[in-house]
Amino acid sequence: MKNYKYLFLFILLALVVPSCDDEETLADAIEKTPNIATFENAVINFSVVATGDEYPKEIPMKVKGPSTDNVSSTVTATISVDPASTAIEGVHFRLDQQTIQFSPETDLLANLPITVLTSGITPPLAASPVLILQISDASGADNVVANGKTLRVNINYLCDSNLQGTYVVTITRNDGAIYVYDDEIAKIGSGEYRGTSVAHYAPGSIGGTPGFSFLDVCNEITVPEQNLVDLYSNLVYGIGTSYADPVTGNLHIEYEVTFAAGNRQYVAEYVKL
């Protein structure tokens, strides 16, 4: 009986423990897996102010895979536009070149130049044009192939926006409490802003980055979901209707803040000084 027991253990170990040959076969298989020329992201957003100007942009690309150290020659990838794109070449964008080269000297990294066009564009558009790019071919190295995945480029057209400045903000909480603060709104990007007050907290009173960020697209304001003063797990996000008054320059922003004891809603009226 004891002999049978040892025999069983021997067979079990033989099944569980791989041989050196198996490990070498697996390593060889991985090594033979081709590297791919691909986009660094699956989705990218280009937001531009429609002034009639052209905006040069770059799309990051790379060659990645299990044996990129063995790529010793320059790889050339061919880029094509997917017919499913709603963005129109010559109207919304210009693809400045349809091939891109990856050199071992630059760690097989490259940027594809593209130009976003705004001439004749009057925002807001009913929908943002979408450009879908794909890599149709890769050549120059035997162990590099084209990746079949696509890149989605969302082209967002913005109106000229200048909401930065000094305001007096009156914040009404949903229980009727009212708070009044001086607020300084800074422009931190195209159509992107950040004030210094949030909820019922005085500017700078709870640490973190004071205020909250919001976006302006042709006088329509949105508050994307974000952490309270970029520090706490409480979330801040827009609700209702928020807007900038194009005549007075005043702002109306509605948002909600999550709390363990129950969420609070706020209506903020900004009067520009």
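Here, the structure is the one placed above.
Residues numbered from 1 in each chain as written. Predicted model: local features only at pLDDT ≥ 70, side-chain atom pairs only at ≥ 80, totals over all residues. Heavy atoms only, no water.

Asker: Any details on the overall build of the protein? Residues and values, ideally.
Answerer: Looking only at helices and strands, the protein features 2 helices and 20 strands. Evaluated residue by residue, the protein yields a buried proportion of 36% over its 273 residues. For the protein, the proportion of contacts with a sequence separation of at least 24, taken over those separated by at least 6, is 57%. Taken as a whole, the protein presents about 15,000 Å² of accessible surface, with 54% of it coming from carbon and sulfur. (Helix = DSSP H or I, 4+ residues; strand = E, 2+ residues; numbered from the N terminus. Buried < 20%, exposed > 50% of the residue type's maximum accessible area, 1.4 Å probe, protein only. Contact = heavy atoms within 4.5 Å. Areas by Shrake-Rupley, 256 points an atom, 1.4 Å probe, with all protein chains shown as cover.)

Asker: An account of the side chain of Glu-256 is requested, with residue identities and associated values reported.
Answerer: Assignment of secondary structure puts Glu-256 in strand E19 (residues 251–257). We note that Glu-256 is buried and unpaired, the nearest opposite charge coming from Arg-264 at a distance of 10 Å. Polar side-chain contacts of Glu-256 include one of 2.7 Å to the side chain of Tyr-237. A distance of 2.9 Å separates a polar atom in the side chain of Glu-256 from a polar atom in the side chain of Asn-263. Apart from the residues within four sequence positions on either side, Glu-256 is in contact with Leu-235, Val-236, Tyr-237, Ile-239, Asn-263, Arg-264 and Gln-265. (Lys, Arg positive; Asp, Glu negative; His and termini not counted. Salt bridge = Lys/Arg side-chain N within 4 Å of Asp/Glu carboxyl O. Polar contact = N/O pair within 3.5 Å; in protein donor to acceptor, adjacent residues only side chain to side chain.)

Asker: So what's going on with the packing of aromatic side chains? Residues and values would help.
Answerer: Within the structure shown, the criterion is met by 5 aromatic pairs. When the centroid spacing of 5.7 Å and the interplanar angle of 25° are considered together, the rings of Tyr-193 and Phe-214 count as stacked. Taken as a pair, Tyr-193 in strand E13 (residues 192–194) and Phe-214 in strand E14 (residues 213–217) lie far apart in primary sequence, 21 residues in all. By relative accessible area, which is 0% here, Tyr-193 ends up buried. Three or more aromatic residues joined by ring pairs make a cluster, and in this case those are Tyr-193, Phe-212, Phe-214, Tyr-255 and Tyr-266. (Phe/Tyr/Trp six-rings, centres within 6.5 Å; stacked < 30°, edge-to-face > 60°.)

Asker: Let's hear about the sheet that holds strand E10 (residues 150–158): which residues, and what values?
Answerer: Pairing within the open sheet is mixed, and its 5 strands lie in the order E2-E10-E8-E4-E6. The open sheet has two edge strands, strand E2 (43–49) and strand E6 (99–102), and neither has a second partner. Going across the sheet, the axis of each strand differs from the next one's by a mean of 30°, ignoring polarity. Relative to E10, E2 runs parallel, the two sharing 7 bridges. Looking at E10, one finds that Phe-46 is bridged to Ile-155. (Pairing = 2+ DSSP bridges. Axes fitted to C-alpha atoms, helices over the stretch in contact; angles between N-to-C directions.)

Asker: Give me the lowdown on the pairing of E19, citing residues and values where you can.
Answerer: Among the 7 residues of E19, 7 are classified as buried, and the element is accordingly described as predominantly covered. Burial along E19 is two-sided: Leu-251, Ile-253, Tyr-255 and Val-257 facing one way and His-252, Glu-254 and Glu-256 facing the other are all buried. Pairing between strand E17 (residues 235–238) and E19: 3 bridges, direction antiparallel. By the bridge assignment, Tyr-237 is partnered in E19 with Glu-256. As judged from the 2 bridges shared by strand E18 (residues 243–244) and E19, these two strands associate in the antiparallel manner. If you follow Ala-244 over to E19, its bridge partner there is Leu-251. Turn length for the E18-E19 hairpin, with the two strands adjacent in sequence and antiparallel, is 6 residues, and the turn residue Gly-249 shows positive phi of about 80°. As paired elements, E19 and strand E20 (residues 264–272) share 7 bridges and run antiparallel to each other. In the strand pairing of E20, Glu-254 is matched with Val-267. Remark: 6 residues form the turn of the hairpin made by E19 and E20, two consecutive strands paired antiparallel; Gly-262 in that turn has positive phi of roughly 130°.

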